[in-house]
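Secondary and tertiary structure notes
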Amino acid sequence: ESAAPAPTAIDINIGLLANIEELVASYPDKNSPSGEVELAQGVTAIGVAFNASKKTYDGVEYTHRLQTLGKGTTEKQSIKLELAAGATIKVVALSAGDSARTLNLYSADCTTVVSAGTEVKDKNTVYCWEYTAPEAGTYYLAGTNGFNIYSINIVY
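Everything quoted here is computed from the prediction, not taken from an experiment.

1. Quick notes on unusual backbone geometry
Phi angles above zero are rare outside glycine, and Leu69 is one such case at about 70°. With respect to the helices, strands and loops of the structure, Leu69 is situated in the loop between β5 (60-67) and β6 (78-83). Look at Leu69 and you get partly exposed, because its relative accessible area is 29%. Phi at Gln77 is positive, roughly 55°, even though this residue is not glycine. When you line up the elements, Gln77 lands in the loop between β5 and β6. Among the residues examined, Gln77 registers a relative accessible area of 12% and is labelled buried.

2. Describing the side chain of Ser34
With respect to the element layout, Ser34 can be found in the loop between α1 (20-26) and β2 (36-40). For Ser34, a relative accessible area of 7% puts it in the buried group. Beyond its immediate chain neighbours, meaning those up to four positions away, Ser34 contacts Tyr27, Ala45, Ile46, Gly47 and Val48.

3. A word on the environment of Ile149
In this structure, Ile149 sits in strand β12 (residues 147-155). It is 9.5 Å that separates the C-alpha atoms of Ile149 and Phe50, two residues lying 99 residues apart in sequence. Dropping the residues within four chain positions of it, Ile149 is found in contact with Ile14, Arg65, Leu66, Thr68, Ile79, Val91, Val92, Ala93 and Leu141.

4. Some words on the sheet that holds β6
With antiparallel pairing, the six strands of this open sheet are ordered in space as β2-β3-β6-β11-β8-β9. Looking along the sheet, the strands with just one partner apiece sit at the ends: β2 and β9 (113-115). Strand-to-strand twist across the sheet, computed as the mean angle between neighbouring axes with direction ignored, equals 35°. Relative to strand β3 (residues 43-46), β2 runs antiparallel, the two being bridged by four bridges. Within β3, the position partnered with Val37 by the bridge is Ala45.

5. Considerations on the nonpolar core
Considering soluble globular proteins, one finds that nonpolar side chains tend to be buried as a cluster. Core analysis: the biggest nonpolar cluster contains 34 residues, and Ile12, Leu39, Val43, Phe50, Leu66, Ile79 and Ile154 have the highest contact counts within it. It is β12 that contributes the most residues to this core, four residues altogether.

Rules of the game
Per chain, residues are indexed from 1 in the order of the written sequence. The model is predicted, so local features are restricted to residues of pLDDT at least 70 and side-chain atom pairs to those at 80 or more, both for listing and for counting; the totals for chains, interfaces and linings are taken over all residues. For the side-chain quantities, the full set of heavy atoms in the structure was used; hydrogens and water were omitted. Secondary structure is summarised from DSSP: a helix means a run of H or I of at least four residues, a strand means a run of E of at least two, and numbering begins at the N terminus for each. Summary of the burial criterion: residues with accessible area below 20% of their type's maximum are buried, those above 50% are exposed, and those between are partly exposed, where the area comes from a 1.4 Å probe applied to protein chains only. Only heavy atoms enter the contact rule, under which two residues are in contact if any of them lie within 4.5 Å. A strand pair is defined by DSSP finding two or more bridges across the two strands. Only the stretch in contact is used when a helix axis is fitted, and all axes are lines through C-alpha atoms; the angle between N-to-C directions ranges over 0 to 180 degrees. Grouping buried Ala, Val, Leu, Ile, Met, Phe, Trp, Tyr and Cys residues that are joined through side-chain atoms within 4.5 Å yields what is termed a nonpolar core.

This is the structure we're talking about:
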């Protein structure tokens, strides 16, 4: 049996995940964060929460979010990505608080910033961050503090 071909694009709208209601019931808040949850091939959420939250960005209405719940590491509050060289990642999200924070693309150890996001302080404005993977490998999408993520789009 051969491996599934690598996708050319992945578009994850958190509210459209087939198992979103199960995820909301199982991991609704910081008191019950998830273990590893595969969102798509090569995209795994680690130690996060899922809940309903309606927001609109660029004409798209979102119904649910993934909450990172704080500063990300390889073990919690992050999104693990297996990326090809040159892959572009677009993330629609908003800050989970009013303190300054950035949503960054980190190296495989989740300590070195590969691509820094714009710093935000406004928990009421939805933003779109864009990153590029410099080489093939494992990366982590994580914040310096909590973020609410509505969608992740990856183009290879």
